Every structure is written in structure tokens, then in C-alpha cells.
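# Observations on chain architecture
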Amino acid sequence: MAQVVFREATKTFDGVTALDHLDLEARDGELLVLLGPSGCGKTTALRLVAGLEEPDSGEVLIGEQVVNDVEPKDRDVAMVFQSYALYPHLSVRRNVEFPLRQRGVDPAERRRRVAEVTESLGLGDYLDRKPRQLSGGQRQRVALARAIVRSPRAFLMDEPLSNLDAALRLQTRADIVALQQRLGTTTLYVTHDQVEAMTMGHRIAVMDRGALQQVDGPQAIYDHPANAFVARFVGNPGMNLLPLLAVHEGPPAAYGDVPGGTVPLGAPFVTDPALARAAAVVQGASSPSLLAGIRPEHLRLGEDGTIDATVLIVEVLGAEVHVLCTLLDGTSKIVVRQEAAARRPGAGEGVRLVASPGTVHVFTGVSGARVGGSS
Amino acid sequence: MTTVSPPTGTAVTRGRAQAPGPPRRARRRRVREAALGYLLVLPALGVFGIFVFYPFAANFRLALYRTPPYPGLPSHYVGLQQVGQVLSSSSFLQSLGSTALFVVMVVPTGLILGLLLAVAAYRRLRAMAVYRIIFSSTVVTSVAVSALIFGTLMDPVVGLLPWLGLNPSPPILENTTWALPAIAVMAVWQFLGLSFILMSAGLSAIPDDVLEAARVDGATDRTVFWRITVPLLSPTIFFGVVVATIYAFQTFGQVDILIGPTNAAFEHVNLLVYNILNTIEVNKTSGQAAVLSIVLFVLTLGVTLLQLRFLERRVHYGN
Ligand SMILES: Nc1ncnc2c1ncn2[C@@H]1O[C@H](COP(=O)(O)OP(=O)(O)OP(=O)(O)O)[C@@H](O)[C@H]1O
Ligand SMILES: [Mg+2]
């Protein structure tokens, strides 16, 4: 058991920066989720910990030990590969057993552990099959079994559930969480899946283009995104980001101009000095340099609305409905999430939108960094 | 195609009910397609027929005749008697023994060295295409050139061996003990290029992530090689064994150029193919040579079949 630490870890491949000065720590016993779009360096980060890549600069630590020069076999981590990487010539049993054999675990203990793990993953009937005789989901479970069959210092899981069907995914997700809790093994868990990230992670590290954007608890990430990227990436659909044309001090609280209306910015200037400074900046700028961020569930349609918009598409999801609108500038899009029971507008209909007070975030338009607004 | 398709539920039964109609048309179409197929392979069949199948068959007939030493004289039918005579001759038995020994020397060495080179080039020299070209260059080197080079290296006066202080007497290529191994060294060298290419292709077909998974799972380099690489390479190794065996059975040029029938060690290096040529050129007995070529054919076929039967069971073919 040990923490896993990246210290200024950088990795480039032929000029492509896969990891950019990554500073991140998975605490001892923590399940840390790495979340980010395709190609943002999640797999690369895991490979650095496993020892399959060396950082160009910076350090990787497992426990107290800098492992830059330690061979993969001596790092004592278990990895679930995105591509499964099963041994094609070995049966499921031998695949799962492989890491135990390498560690010289005695046969009786080996058999017991393999039986236990494969049983819990529903692989009991397939022990004598070769990987090519399994479905994608079964292979993925074998890969998972091969990792959790031993007690390493850390688990590295690269999208281990991506190929399972919805029901199995839900169950395996719960199994992994329970297992991780029971063993208390530090886990780096890579996923694309928002729900997986939110439900499994003790903390979530959001990455983009090789750089860490924010690391925090799931709710904190959702409620206080550190920048516009995190705001848009986390949540489904992500946060609406509208150009903020001007910021006004106005009773009772500050408000901002967006194309086709205004949005409340929550706090008055006196309590949010950053907002006051931003207002000054936006006043002087020739083009919009601020963004207002509003989560879709914090918007509703109503006569009392402060933003004029035109409905583009109405998506029905069963429990809820997403109404996609364009603002009056014709380019800005905004999504409203409403209950299935609420009145559904038709496409092309003109509507007015209300943003709940105290829910609007403000980001700078250039760097995307958070300025202020709702907290 | 123009009919409106009925609801899917009935489509299946309708299709079956109409069965007698379409199959006849389908059969006629299949016949036409087959005819076109045969027409297309006809040129290839013709070439093979003239240059491979006909000589192959004629050879069996030739084996039953005692042929005259000079062209124009009649052949005598002697039947299987000639076969027995050749097979029991001491020159054949010695040739067979040398060939077997030669195969044993060449096949494992050629394959293992090829594999080692491939592993080295694959792991350490990954980016260095030039090594691949060098290692595989023996494939395009003619036997004559390589024989000349090795002949010079092994020359008792100006060669590399005397310079190194190795100077067996009689000279290595006339030495009854060392001539065959010397030819084997050349054959291995010549085969190395193909062996290297084969093994490299086999290695590059092994997914990197499987090897990586093994390393993360705690396997040493040695274990990865023996437990993962070799089993996954087994189809290639198996194929290599078959190809190398056939190659070794058919080695000829080096003996022809460096040994020859007047050499003191000749009887110990008289490989089967060379023996066949010698029987025609020197002894002028084509009928006996025909028997020898049939023996070579049967041996090659037999060994290949044995390998298919016994080795292939241990081969893992991935998905
Ligand atoms: N071996 C490599 N050679 C060259 N470029 C690479 C290599 N491995 C990764 N990259 C590049 O590094 C970047 C990060 O890749 P990485 O595999 O870490 O992404 P990821 O976040 O795991 O993406 P995904 O979610 O699609 O798996 C990508 O731009 C990728 O093209
Ligand atoms: Mg990846």
C-alpha cells in the first residue's frame, strides 16, 4: 500500500506532448479517477507508473520511492490494459494465475485465489477457455481478474469497464468499489465515463491535453469547476458557456449581459472583488473576454425569463428533456434541462429562459480560468 | 427484386416454398463461374504442367530404366531392380548419412541464430533499418558468391583461418572431419537472412501490450521470452523448421563449387542433391539419378509430414 505521486512529470512522443508537467498525488488507499477527453494523456500517465514509459523529466513515486529507474516487474503494481492484453496462448485460468506464478505463490494458494477472483467476476465457467473464445466483455473481466488476483501496491485501471453492457457495468463498478474499499489499495482509475468518475472516485483528476485541470472530490468538481474546460467537460450535458458582454453592479446583486438578455451573477461587487475587477476588464475590452457558465438544470423556460432564445431541438430522454436553443446572436447555443412533465416547446418556437440566482459561474474567455460568480 | 417484400415473418417460409425454381438457375451460374475459374488458371497450369508436373511424372518412369552413357543408344527396362540397387549402394547410404548430419547441423543453428538476430534487432535496434538490411542481405547473395568468399576465408594459404592460427591438416575443405561442418557453416550463413526475416515478421506480429502486461505482472526478461514470446512465435518457428529442413536437404551449390568429385573429403560431403548431379554428369546414369531424386522427394515429403503431424500439435495459432 502506498501513495502514487507524479512530480512535474513530462512525456512527449515525437513532438506531441502527452503529459505536461503533471503534478498529481493519489493518496494512500485512495481511488483517484483520471478523467479527460481522448488523447489527453490518461493512458500515458498510467504507463509511467507501470514503468512502461519513462518520463522525459520529472519524477514518479510509488510510496516514498522514486521509481523512474525501477523495472516494471519490480514496481509491484497491477494494470488493466485498455486493450486487455491477455496472453492469447494461455487459458483464462493460466492468464489469471500468471502474476501469482511470477511471484512464486504456492499452487494451493494460487488455485484458491484464482477460483475466488474468477468466481466473483462471473468467469467460473470459462476457466479452460482461451481468450479468443471469449466475448469482449468476458475478456475485459479476465483482464480485471488478472489485476485484482494479487495484492499490489497500486492498481492501474485503464477503462476497465468500457466493453461491458449496462447491467454488468453497474455491477462490476460496485464490485470494484467494494474490493478497493476492502483492500484499501491505492487505485488510479482511467475513464471517459462521467457517471463512473462521479460514482467511483474519491477524487477526480480532470486532464486536458496532457495538463492537469483540476483535482478534487466529485461534488466539488461539479459545483466549483476550476475553469471553463472542466465546466464543459464534467456534467452531461456539460455547463453552458455564454459570452459575457458586460458586467453591471445592480441592486440587489451584480448581473451580466449575454446575447439576448441578462443573467444574475449572484453576489454584489462588494462581496466578490474578483467580479468587480473582471467587470472593469470587460468594460475596456473590445471583444467579449468573459464567459458566463450555467448548468442546464439551473435554467428553466418561463414567461418571467431574462434571456430570449429560439428552440432548435428537443431531446426526450425519458426521465428528463433537453431543450437546445440558440441565443439571439445566432451562434451561441444553450441547453436547458427540464423534467419530463414540464411543458415541451416545439422546434423553432421563441422562448424566454430563467437562470436561477446564485448558479452562474464566470470564467475568463482567454485562459478559461475561474473568475467568480456562484459558489 | 421487383416484388414487394412480405412481412418478415412469412418471408422465410415463402422463400422455402419457392425453392425448386431458383436452385437450377443458381447451379447453372455456378458452373459458368467454375468454367471461368478454370480458364483463368489454365496458363499457370500449362507452365506448371510442362516444367513441373510432366518432368516429375517422367522421372518415375526414368527410374525403371537403365540409361545408356551416351545419348542416342536405347534404354533398357530393368524395373524395380534398379531401385533396390541404388538404395543398397554404399555411396547412397553414405550420402544419406551426410545429408542427415547436415540437416541436423543446419536447421537448429540457422533458426536459433535467426531468432537471436531478430530479437536483438527488434529490441535494441528498433529504429535502425540498416541492420535489418544487413541481416537479411544473405537472402539476395548468390550461392556462388558466398561460396567464393567462404572458400577464400578457409583457404589454407591466404585465408582467415591460417591467419587465426587454425590450420588443420589436411586443409579444412579437404578434411574428412571438417569439410561437412564447414559447408554447414556456409549454409547456415546463407539461410540466416531468410531465418532473420521470418523471425522478425513473427516477432512484429506479437502485440507489444501482451509483452508489457507480462513485465508488469512481474515476469523477468527470461520468463517473458520463454513463456510469452516463444509460444506466440511457435507458428513461425514451426514454419521455419519446415523451410530450413527443405533448404538443408536441397543444399548443393557450396558442395559443387568448393568440394567437387575429386576432393579427398568428397565422400563425406556428398549431399543428396550433389549426388544426383554427380550420378548424371560423372557416372552418366540418369536412371539411377532418377531413383535418387525420388528418394529426395520422398524424404522431404516424409519429414515435412512428420513435422506437420508432431510439431504442429505444439504450435499455438492466435486469433
Ligand atoms: N507510443 C506513442 N507514440 C506516439 N504518440 C503517442 C504514443 N502514445 C501516446 N501518444 C500520444 O500521446 C497523447 C496521449 O495519449 P494517451 O494514450 O495517453 O491518451 P488517452 O488519454 O489514454 O486517450 P484515450 O482516452 O483515447 O485512451 C496522444 O496524443 C497520443 O497520440
Ligand atoms: Mg487511453
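Criteria and thresholds
Residues numbered from 1 in each chain as written. Chains lettered and ligands numbered in written order. Predicted model: local features only at pLDDT ≥ 70, side-chain atom pairs only at ≥ 80, totals over all residues. Heavy atoms only, no water. Contact = heavy atoms within 4.5 Å. Buried area = accessible area lost by both parts, 1.4 Å probe. Salt bridge = Lys/Arg side-chain N within 4 Å of Asp/Glu carboxyl O. Polar contact = N/O pair within 3.5 Å; in protein donor to acceptor, adjacent residues only side chain to side chain. Helix = DSSP H or I, 4+ residues; strand = E, 2+ residues; numbered from the N terminus. Near = heavy atom within 4 Å. Areas by Shrake-Rupley, 256 points an atom, 1.4 Å probe, with all protein chains shown as cover. Nonpolar A, V, L, I, M, F, W, Y, C, P; charged D, E, K, R; others polar. Donors = N, O, S within 2.8 Å, 3.2 Å for Na, K, Ca; no water. Buried < 20%, exposed > 50% of the residue type's maximum accessible area, 1.4 Å probe, protein only. Domains from an automatic or database assignment. Pairing = 2+ DSSP bridges. Axes fitted to C-alpha atoms, helices over the stretch in contact; angles between N-to-C directions. Phe/Tyr/Trp six-rings, centres within 6.5 Å; stacked < 30°, edge-to-face > 60°.

## Topic: the interface of chain B and chain A
Facing 19 residues of chain B, the contacting portion of chain A comprises 24 residues. Between chain B and chain A, a total of about 1,900 Å² is buried, with carbon and sulfur atoms accounting for 60% of that surface. Remark: the boundary between chain B and chain A carries two salt bridges. The salt bridge partner of Arg-146 of chain A is Asp-217 of chain B, with a shortest N-O separation of 3.6 Å. Put simply, chain B and chain A have nine residue pairs in polar contact (both at pLDDT 80 or more) between them. Counting residues per element, the ones that place at least two in the side of chain B that touches chain A are helix 9 (208-216) and helix 10 (221-249) of chain B.

## A look at the site of ligand 1
Residues and elements named next belong to chain A. Close to ligand 1 lie 13 residues; Ser-38, Gly-39, Lys-42, Thr-43 and Thr-44 are nearest. Here an oxygen atom of ligand 1 and a backbone polar atom of Gly-41 are 3.0 Å apart. A total of 640 Å² of accessible area belongs to ligand 1 in isolation, and the protein chains cover 65% of it. Contributing elements (two or more residues each) for the shell around ligand 1: strand 2 (16-26) and helix 1 (42-50). With three residues, helix 1 is the single largest residue contributor to the shell around ligand 1. Split into classes, the residues belonging to the shell around ligand 1 amount to four nonpolar, seven polar and two charged.

## So, the coordination of the magnesium ion (ligand 2)
Octahedral six-donor coordination of a metal ideally yields angles of 90 or 180 degrees, compared with 109.5 degrees for tetrahedral four-donor coordination. Residue and element names in this part refer to chain A. At this site the magnesium ion (ligand 2) is bound by Thr-43 (OG1) and Gln-82 (OE1), with donor distances of 1.9 to 2.4 Å. Placement of Thr-43 in helix 1 and of Gln-82 in the loop between strand 6 (77-80) and helix 2 (92-102) is noted, with a sequence separation of 39 residues between them. Residue class for Thr-43 comes out partly exposed when judged on its relative accessible area of 26%. Take Gln-82: its relative accessible area is 37%, and that puts it in the partly exposed class.

## Describing the domain arrangement of chain A
All names here are of chain A. For chain A, the assigned domains read domain 1 (4-233) and domain 2 (243-364). The C-alpha-based centres of domain 1 and domain 2 are spaced at 39 Å. With seven residues of domain 1 at the contact, the number on the domain 2 side is five residues. Looking at the side of domain 1 facing domain 2, the largest losses of area belong to Tyr-222, Ala-228 and Ala-231, adding up to 69% of the total buried there. Where domain 1 packs against domain 2, one counts zero salt bridges. Residue assignment for the side of domain 1 that touches domain 2 shows that the elements contributing at least two residues are helix 7 (218-223) and helix 8 (228-233). Broken down by element, the side of domain 1 that touches domain 2 gets its largest block of residues, three residues, from helix 7.

## A closer look at the sheet that holds strand 9 (residues 203-208) of chain A
Sheets are built from strands that pair by backbone hydrogen bonding, the pairs being arranged parallel or antiparallel. All names here are of chain A. Judged by pairing direction, the sheet is mixed, and its six strands sit side by side in the order 6-7-8-3-9-10 without closing on themselves. Each edge of the open sheet carries a strand with a single partner, namely strand 6 and strand 10 (211-216). Pairwise comparison of adjacent strand axes, ignoring direction, gives a mean angle of 15 degrees for this sheet. Judged from the five bridges that link them, strand 9 and strand 10 form a sheet pairing that is antiparallel. Residue pairing across strands places Met-207 opposite Leu-212, the latter belonging to strand 10. Seen against the sheet, helix 1 touches strand 3 (31-35), strand 6, strand 7 (154-158), strand 8 (186-191) and strand 9 and runs at an angle of roughly 150 degrees to strand 7.

## Some points on the packing of aromatic side chains
Here the structure, examined in full by the defined rule, presents 12 aromatic pairs over all chains. For the ring pair Phe-229 of chain A and Phe-233 of chain A, a centre distance of 5.5 Å and an interplane angle of 10 degrees mean the geometry is stacked. Placement of both Phe-229 of chain A and Phe-233 of chain A in helix 8 is noted, with a separation of four residues, approximately one turn of the helix. The burial state of Phe-229 of chain A is the same as that of Phe-233 of chain A; both residues are buried. Ring geometry for Phe-135 of chain B and Phe-196 of chain B: centres 5.1 Å apart, planes at 80 degrees, overall edge-to-face.

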